[in-house]
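Breakdown of the fold
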Amino acid sequence: ITAGSALQLTTNLTVSAWIYPRSAAQPPIFKESTGGNGDWLITGSSGNWRCQTNGGTGSVDTGVAVALNTWTHVTLTYSAAGLSCYINGLAKGTT
């Protein structure tokens, strides 16, 4: 999907995926970025699962290590209340 204003965070958003990482060098799993506010991503690149939004101003490092060769359910939710990140159904951080 091409980046665009329809994907910018201006209201509520939930992004969820089952992820099966095979290497420690994980690129962003989901990412929308046009270089301004409203950007968001789910990544495992830091060694832990992380959800981020608004060009980095809202970031949740879950403290949950990326387990290789294992299915993991990761969910990013965004609302006026803030950003939350869930790992396997458990809340692991909120901004």
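For clarity, every value in this text was computed on a predicted model and none was experimentally measured. (Residues numbered from 1 in each chain as written. Predicted model: local features only at pLDDT ≥ 70, side-chain atom pairs only at ≥ 80, totals over all residues. Heavy atoms only, no water.)

**A few points about the environment of Ala80**
Following the sequence through the fold, Ala80 ends up in the loop between strand E6 (72–79) and strand E7 (82–87). On the accessibility criterion, Ala80 (87% relative accessible area) is exposed. Measuring from C-alpha to C-alpha, the distance between Ala80 and Asn12 comes to 7.3 Å, with 68 residues separating the pair along the chain. (Helix = DSSP H or I, 4+ residues; strand = E, 2+ residues; numbered from the N terminus. Buried < 20%, exposed > 50% of the residue type's maximum accessible area, 1.4 Å probe, protein only.)

**Quick word on the state of the cysteines**
One pass over the structure, following the stated rule, counts 1 disulfide. Here Cys51 engages in a disulfide with Cys85; their sulfurs sit 2.2 Å apart. Its torsion about the S-S bond being 50°, the disulfide of Cys51 and Cys85 is classed as right-handed. In this pair, Cys51 sits in strand E4 (residues 48–53) while Cys85 sits in strand E7, placing the two residues 34 residues apart along the sequence. Accessibility assignment for this pair places Cys51 and Cys85 in one class, buried. (Disulfide = S-S within 2.5 Å.)

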